[in-house]
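The residues making up each chain are set out below.
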Amino acid sequence: MAKEFTQLAHAVRNLRRRPTRTVTLVAAIGLLVSALVFALSFVRRVEAGIRTASGRLGADVIVVPTGSRGAAEDVLLDNAVKTFYMDREIADRVRATKGVARVTTQTYLATIAGNCCDVPETIVVAFDQESDFVVAPWLPRALGKRLERGEAVVGSESAFNIRIGLTQVDGRLFGKVFHVLGVLEKTGTGLDTAIFVDEKNVGELVRGGTARPPPGAISVVFVKVEPGVDPARVAGAIEDSIIEADAVARRDVGQTMLRAFGDVSRVFAVTFALAAVLAACLAWAVFTGVANERIREVGLMRAIGAKESHVVRLFLLEVVLVGALGSLAGVVAGTGLSLGLVKGFDVLRSAPAALGVADRLAIAALGLAAGTAICVVGALSPIRSTRRTEPLAVLKGD
Amino acid sequence: MPRLVAENVTKTYGANGTAVAAVRGVSLDVDRGDFVAIIGHSGSGKTTLLSILGGLSRPSEGRVLFDGRDLYAFDGDALSEYRCEHVGFVFQFASLLGALTARENLLLPARFRPSRRSAEEREARALELLGLVGLRDRADAYPAELSGGQQRRVAIARAFMNDPRVILADEPTGDLDEETEADVMRLFRAMNERSGTAVVLVTHDTELAGQARRRFRMHRGSLLEA
């Protein structure tokens, strides 16, 4: 039994009549969609990285010395090695602020490669284990003990730098050998290159190295607010009452970077819009040619009983097939590019996690819809003119 | 009541001083089972009259009734339905879709009215008609793989696909050899006698016209009894 003759089969036959033309249009849509999928994957992943980094800091409010907000963001989100200090007494004043539930402090010391330490230039973070709620969440499993003097945990990239698991598990910091007990999960933030020690090591480290923080100084106070309290409000209260400190609510951390990255997204969007116009023009040109070429055929179809809607559906089906096929190829190519080129972009390499299946599916769906829609929009005008073809054309033999 | 009636139909092309009347005041009744031949020279208005009867070209004056209803009072979709369900066209020029096989060209008008028969019935009908025009074994050939005469036979078979009540045939045997021409005329007569399908045959061949029961001559747009 022969296969049933459907409108889809008819559309496919029409497309196969001119393979070069069809493939050209499919390729154009495919290139456009692959660029879109790649750009969206890139933007989404970087944004997710920034948000995750900001969100997993474990604090609702971060308090730093006045004027150090930018430096703190650089350290926490962008692997920068910067130090800044304030008096430890500020932590007590923060703790006393209304709405504050918990505080913990950290002190940042900078290493210098090849001089004091086995590791490249990085931040050594001395933290208070008693009150900590920032570092511990990043340990894949609990240490089972407190860090003692001479013991450390390290960020994932620092672990690589000092070759933990290969030949060496001890590192020299500021002239003192530290035994590394654990490695934090990859965070995509400055934590990845940091080395964490208990704050009771600070005195010895300062004596043995080049770091010269003021005695008893701290760099950051992390704050957990009470349930239901707005972190921004607490941050405002801290800034109002402690003139020596800047306070950043968690939502604010990384906003500068997100805003800057928003500009990159807009550049992608403008580029895509221009390419989309080009693709739509190409679809218009191709389907105008198709419509002119088929005037007689359409006239014949109308003469033997096709309604305008039959003709429109047939053409629309061809357009949608081309658009969908091109978009599908573009989604595959764009996804492949975004996976294959991860190593080519620092910002992607350091992102905490790859895009999830849901994100990938959403981007793919958007790519499919955008590619198909652009093709349809480009072909609308020729389809409208085809619809008006008079059936009489076939009788005249035109 | 006659099935297809043209009442004082005139078709004028152009306007004012340059207007040309292709059809002038033609009246014609085509009833069930009729076999009408219209002969005339090229440019006498035969094809224009056929297009008016088939709902393809609106007359400038007069009206065309089908089962008592004015065809040109129909909207576009209703006219398409009329052409699909009640009329089988055989055109003067090659009229197959190049992307479709002979079988699919026959199935095309049936697809515009899919509820009438099941897919299997449509398939069987297409193959039956191809058999009647001697092309059963060429069902899967594309038009480019068929001779001009074979293409014409496929187009004739397609005209019968939806069991129309009227066949409007414009020089249907123009490029057929004598034997095939005889086969085609036999098919027209058989369908005419067996199912009462009315046939309106436009030709310049008086011998062919002689096989019709009623004959008319078209001269400068006017229809005359022959």
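To be clear, the structure that these remarks concern was listed above.
Residues numbered from 1 in each chain as written. Chains lettered and ligands numbered in written order. Predicted model: local features only at pLDDT ≥ 70, side-chain atom pairs only at ≥ 80, totals over all residues.

Draft legend 1. Focus on the overall build of chain A. Assigned secondary structure in chain A consists of 13 helices and 11 strands. Every one of the 398 residues in chain A was classed for burial, and the buried ones make up 45%. Taking the intrachain contacts of chain A between residues at least 6 apart in sequence as the baseline, contacts between residues at least 24 apart amount to 84%. (Helix = DSSP H or I, 4+ residues; strand = E, 2+ residues; numbered from the N terminus. Buried ≥ 20, exposed ≤ 12 C-beta atoms within 10 Å, placed from the backbone. Contact = placed C-beta atoms within 7 Å.)

Draft legend 2. A look at the overall build of chain B. For chain B, the count of helices and strands is 7 helices and 10 strands. Every one of the 226 residues in chain B was classed for burial, and the buried ones make up 49%. Counted over contacts in chain B with a minimum sequence separation of 6, partners at least 24 positions apart contribute 71%.

Draft legend 3. Focus on the pairing of strand S4 (residues 123–127) of chain A. Residue and element names in this part refer to chain A. Of all 5 residues that make up S4, 5 are buried, and the element is covered over most of its length. Pairing between strand S3 (residues 100–110) and S4: 5 bridges, direction antiparallel. Across the sheet, glutamine 106 pairs through a bridge with phenylalanine 127, a residue of S4. Here 4 bridges tie S4 to strand S8 (residues 195–198), and the two strands are oriented parallel to one another. (Pairing = 2+ DSSP bridges.)

Draft legend 4. Spatial organisation of the interface of chain A and chain B. Taken together, the contact between chain A and chain B spans 22 residues of the former and 28 residues of the latter. Breaking the side of chain A that touches chain B down by element, the ones donating at least two residues are helix H1 (7–17), helix H9 (295–303), helix H10 (308–340) and helix H13 (392–396) of chain A. Tallied by class, residues from the side of chain A that touches chain B come to 10 nonpolar, 5 polar and 7 charged. (Nonpolar A, V, L, I, M, F, W, Y, C, P; charged D, E, K, R; others polar.)

Draft legend 5. Structural detail: unusual backbone geometry. All names here are of chain B. Of note, the phi angle at aspartate 163 is positive, near 50°, even though the residue is not glycine. Following the sequence through the fold, aspartate 163 ends up in the loop between helix H5 (148–159) and strand S7 (166–170). For aspartate 163, a count of 15 C-beta atoms within 10 Å translates into the label partly exposed. With a phi close to 45°, glutamate 171 is a non-glycine residue in the positive phi region. With respect to the helices and strands, glutamate 171 occurs in the loop between S7 and helix H6 (178–195).

Draft legend 6. Fine view of the nonpolar core. If you look at the biggest cluster of nonpolar residues, it comprises 168 residues, and the most contacted ones within it are A:Val61, A:Val63, A:Val223 and B:Val200. Broken down by element, the residue count for this core peaks at 15 residues, all from helix H2 (residues 19–55) of chain A. Contacts of B:Val200, omitting those with residues within four sequence positions, involve B:Val30, B:Val36, B:Ile38, B:Leu50, B:Leu53, B:Val166 and B:Leu168. (Core = buried A, V, L, I, M, F, W, Y, C linked by C-beta atoms within 7 Å.)

Draft legend 7. Quick look at the sheet that holds strand S9 (residues 214–219) of chain B. All names here are of chain B. Strand order in the open sheet made by the 6 strands is S6-S7-S8-S3-S9-S10, with mixed pairing throughout. Because the sheet does not close on itself, it has two edges, and the strands there are strand S6 (87–90) and strand S10 (222–225). When the angles between neighbouring strand axes are averaged without regard to direction, this sheet yields 20°. With 5 bridges joining them, S7 and strand S8 (residues 198–203) adopt parallel strand pairing. (Axes fitted to C-alpha atoms, helices over the stretch in contact; angles between N-to-C directions.)

Draft legend 8. Region of the structure containing the sheet that holds strand S1 (residues 4–13) of chain B. Residue and element names in this part refer to chain B. Reading across from one edge, S2-S1-S4-S5 is the order of the 4 strands in this open sheet, with antiparallel pairing throughout. Each end of this open sheet is capped by a strand with a single partner; those strands are strand S2 (20–30) and strand S5 (69–70). Note: S1 against S2, 7 bridges, orientation antiparallel. Looking at S2, one finds that valine 9 is bridged to valine 26. Relative to S1, helix H1 (residues 46–53) is tilted by about 125°, and along the sheet it contacts S1, S2 and strand S4 (61–66).

Draft legend 9. Region of the structure containing the environment of A:Phe261. Looking at the secondary structure, you find A:Phe261 in helix H8 (residues 255–293). With residues near it in sequence (within four places) discarded, A:Phe261 still touches A:Val46, A:Glu47 and A:Ile50.

Draft legend 10. Quick look at H5(B). All names here are of chain B. Between its first and last C-alpha atoms H5 spans 17 Å; for 12 residues at 1.5 Å apiece the expected length is 16 Å, and the two agree. For H5, a buried count of 10 out of 12 residues is recorded, marking the element as mostly surrounded by other parts of the structure. Among all positions of H5, only Gln150, Gln151, Arg152, Arg153, Val154, Ala155, Ile156, Ala157, Arg158 and Ala159 are buried. Turning to H5, the residues buried within the fold contact S6, helix H3 (102–111), helix H4 (119–132), S7 and H6. (Expected span 1.5 Å × (residues − 1).)

Draft legend 11. Local environment of the packing of H3(B) against H5(B). Residues and elements named next belong to chain B. As a packed pair, H3 and H5 sit with axes 9 Å apart at the nearest point and diverge in direction by 30°. Put simply, H3 runs roughly parallel to H5. Helix-helix and strand crossings are classified by hand; for H3 and H5 the assignment is right-handed. Seen from H3, the contacting residues are Ala102, Asn105, Leu106 and Pro109; seen from H5, they are Val154, Ala157 and Arg158. (Parallel < 35°, antiparallel > 145°, perpendicular 65-115°, else oblique. Left-handed = near helix turned anticlockwise from the far one by under 90°.)

Draft legend 12. Region of the structure containing helix H12 (residues 357–387) of chain A. For H12(A), with 31 residues, the first-to-last C-alpha span of 42 Å sits near the 45 Å given by 1.5 Å per residue. Remark: the principal bend of H12(A), roughly 45°, maps to A:Leu380, with a proline, A:Pro382, within the next four residues. (Bend = angle between axes of the 7 residues up to and from the residue.)

Draft legend 13. Up close: the packing of H1(A) against H10(A). All names here are of chain A. Contact geometry for H1 and H10: axes closest at 9 Å, N-to-C directions at 65°. When you trace H1 past H10, the crossing you get is right-handed. Across the interface between the two elements, Gln7, Leu8, His10, Ala11, Val12, Asn14 and Leu15 of H1 pack against Arg313, Leu314, Leu317, Glu318, Leu321 and Val322 of H10. Classifying every residue of the contact of H1 with H10 by side-chain character gives 8 nonpolar, 3 polar and 2 charged.

Draft legend 14. A look at the pairing of S9(B). Residues and elements named next belong to chain B. By the bridge criterion, 4 bridges tie strand S3 (residues 35–39) to S9 in an arrangement that is parallel. Note on S9: the bridge partner recorded for isoleucine 39 is arginine 217. Between S9 and S10, which pair antiparallel and follow one another directly, the connecting turn spans 2 residues, one of which, arginine 220, has a positive phi of 50°.

Draft legend 15. Up close: the environment of B:Gln151. Residues and elements named next belong to chain B. Looking at the secondary structure, you find glutamine 151 in helix H5. On the basis of neighbour counts, which here come to 21 C-beta atoms within 10 Å, the residue glutamine 151 falls in the buried class. Linking glutamine 151 and serine 95, residues 56 residues apart in sequence, is a C-alpha distance of 8.1 Å.

Draft legend 16. Layout of the environment of A:Leu8. Among the structural elements, A:Leu8 can be located in helix H1. Measuring from C-alpha to C-alpha, the distance between A:Leu8 and A:Arg313 comes to 9.8 Å, with 305 residues separating the pair along the chain.

Don't take any of this as a statement about function, it's just geometry.
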